[in-house]
Amino acid sequence: MNAPTHGDEVERQELSHLLPRPGTPGLSPARSQRLEEYLMQEVTRTGTQVQPSPAAKRGMPRWTLIAAPAAALAVAAAVAVSVTGSGTGTADDSVAMASVITVQPASAHGATAFLSQVADAASKQKTPSVGAHQFIYVKSKVGFTHQVKQRTIGGAAKLDAVHQRQVWLAADPSKNGLIHEGGQNITIHNSGAGVVNPGAASEPPRPGTVPQIASLSTDPDTLLKQIYSATRGQAPGKDAAAFNWVGDTVSESIVPANTTAAIWRAAAKIPGVVLVKDATDAAGRHGEAIAHVSGGERTEYIFDRDTHLFLGERSYLVKDTPMGKAGMLTGTSAVLSRAVVNKMGDLPAGARA
């Protein structure tokens, strides 16, 4: 067919050469992992109906299945987790909480100054070192969003009851990790030295791992460039993906004080970051939060009002969407303790399961 020489089609073609090529939407590594684990547990269900499964994720609101494209179902053929104990263990105590909250006002005014206080507080914390053969242990309370209709992507969703979650992440990325949640043990399978997922050797290390954290700059401007580089092309967009990376990295790991401070100073430079004066984590603790909105969903990182230390996360809809009405919680978490242990499954001294 001959190329058009006039009319609207010519104008469209000329514009197509001037405009940048559209990006390819996709899931972040952490969101992909959440989807894989959910699908594996869906496959392994037999007979009895159980609660939607937890996932091996950090900062859970960002990785709900609601926003995952249907094409991501293909990952089920290469799942890198295994589940044991479903229906046989004793589920952790869970507590139902209100699934709809009041949408809090938010403002960019004061966000940078607040994050400066957060960074100063973080820089003064003593964090344990993690040996090459040790594990990072994190205990938290979490509540995940799941689809109302099983085995679907998109549409109406509801929040599970808040429940306990324990995670053991190996300092050595070639070793497996473990999650205990909802009476289930979820093994996080790694595939070799320094490689988190099969076929992903060329990808940056998963957020929150010891090698990934060690690679981070402590200069906020340089770190911000690293963050944008690590999240290039990830959904739901450049700035939202960078903001999500922050939560991915700090929520279920142990980050040195100077690096944590740099992360919060870098977060202050992400466009769209706002300050929320009243936010509540999954343990019922009130604080102030920094937040970012994407696709009608606000993600908040919550800090103690007095100490300015990180408490947990919360996300909810700020406008009506196909998921639900404005104010609907899509996820909540509260970090209760962090420690370094010698073996997967070990508890810190004095801790209870």
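Details of the structure are given in the entry above.
It should be emphasised that the depicted structure is a prediction, and the values quoted were computed from it without experimental measurement. (Residues numbered from 1 in each chain as written. Predicted model: local features only at pLDDT ≥ 70, side-chain atom pairs only at ≥ 80, totals over all residues. Heavy atoms only, no water.)

Participant: Residue-level account of the nonpolar core, with values.
Facilitator: As a rule of thumb, nonpolar side chains are buried together in soluble globular proteins. Of all hydrophobic cores here, the largest spans 40 residues; its most connected members are Leu-223, Ile-263, Trp-264, Ile-290, Tyr-301 and Phe-303. Residue assignment for this core shows that the elements contributing at least two residues are helix H3 (111-123), strand E4 (135-147), strand E6 (162-170), strand E8 (184-188), helix H5 (220-230), helix H6 (238-250), helix H7 (257-267) and strand E11 (297-304). (Core = buried A, V, L, I, M, F, W, Y, C linked by side-chain atoms within 4.5 Å. Buried < 20%, exposed > 50% of the residue type's maximum accessible area, 1.4 Å probe, protein only. Helix = DSSP H or I, 4+ residues; strand = E, 2+ residues; numbered from the N terminus.)

Participant: Explain the pattern of salt bridges to me, using residue names and the numbers behind them.
Facilitator: If charged atoms from side chains of opposite charge come close, those side chains can pair. As enumerated under the stated definition, the model contains 10 salt bridges in all. In this structure, the salt-bridge partner of Arg-285 is Asp-281, at a minimum N-O distance of 2.6 Å. A residue is classified by how much of its surface remains accessible, and Arg-285, at 27% relative accessible area, is partly exposed. When salt bridges with common partners are traced through the structure, they connect Arg-165, Glu-181 and Glu-252 into a single cluster. (Salt bridge = Lys/Arg side-chain N within 4 Å of Asp/Glu carboxyl O.)

Participant: How would you sum up the layout of surface pockets? Please name residues and give values.
Facilitator: Of the volumes computed, that of the largest pocket is approximately 530 Å³. As for the largest pocket, its lining consists of 23 residues, and the residues nearest its centre are Gln-125, Thr-127, Leu-309, Phe-310 and Arg-338. Looking at the lining of the largest pocket, the elements with two or more residues in it are H3, H7, strand E12 (310-317) and strand E13 (329-341). A per-element tally of the lining of the largest pocket places E13 first, with 5 residues. Tallied by class, residues from the lining of the largest pocket come to 14 nonpolar, 6 polar and 3 charged. (1 Å grid on protein atoms, 1.4 Å probe; cavity = no way out; pocket = protein on both sides within 12 Å on 5 of 7 lines; lining within 4 Å. Points joined across faces, edges and corners; volume = space filled by probe spheres on them. Nonpolar A, V, L, I, M, F, W, Y, C, P; charged D, E, K, R; others polar.)

Participant: How would you sum up H3? Please name residues and give values.
Facilitator: Between its first and last C-alpha, H3 extends 18 Å over 13 residues, near the 18 Å set by a 1.5 Å rise per residue. Listed in full, the buried residues belonging to H3 are Ala-111, Phe-114, Leu-115, Val-118, Ala-119, Ala-121 and Ala-122. Mapping the buried residues of H3 onto a view down its axis gives an arc of 160°, with all of them on the same face. Elements in contact with the buried residues of H3: strand E3 (106-107), H7, strand E9 (274-280), strand E10 (286-294) and E11. (Expected span 1.5 Å × (residues − 1). Arc of directions from axis to C-beta. Contact = heavy atoms within 4.5 Å.)

Participant: Which residues make up the packing of aromatic side chains, and what are the values?
Facilitator: Counted by the stated rule, this structure contains 7 aromatic pairs. Relative to Phe-303, the ring of Phe-114 has its centre 5.8 Å away and its plane inclined at 70°; by these criteria the two rings are edge-to-face. In this pair, Phe-114 is assigned in helix H3 and Phe-303 in strand E11, connecting sequence segments 189 residues apart. By the burial criterion, Phe-114 is buried, and Phe-303 matches it. (Phe/Tyr/Trp six-rings, centres within 6.5 Å; stacked < 30°, edge-to-face > 60°.)

Participant: How would you sum up H7? Please name residues and give values.
Facilitator: Taking burial as the measure, the 11 residues of H7 include 9 buried ones, the bulk of the element. For H7, the complete set of buried residues consists of Ala-257, Thr-259, Thr-260, Ala-261, Ala-262, Ile-263, Trp-264, Ala-266 and Ala-267. Buried positions along H7 lie against H3, H5, H6, E10, E11 and E12.

Participant: Would you mind going over the packing of H5 against H6 in detail, with residue names and values included?
Facilitator: Two elements in contact, H5 and H6, have axes whose closest approach is 9 Å; the angle formed by their N-to-C orientations is 110°. As the angle between them shows, H5 and H6 are arranged roughly perpendicular. Taking contact as the criterion, the partners of Leu-223, Ile-227, Tyr-228 and Ala-230 in H5 are, on H6, Lys-238, Asp-239, Ala-242 and Trp-245. In terms of residue class, the contact of H5 with H6 is built from 6 nonpolar, no polar and 2 charged. (Axes fitted to C-alpha atoms, helices over the stretch in contact; angles between N-to-C directions. Parallel < 35°, antiparallel > 145°, perpendicular 65-115°, else oblique.)

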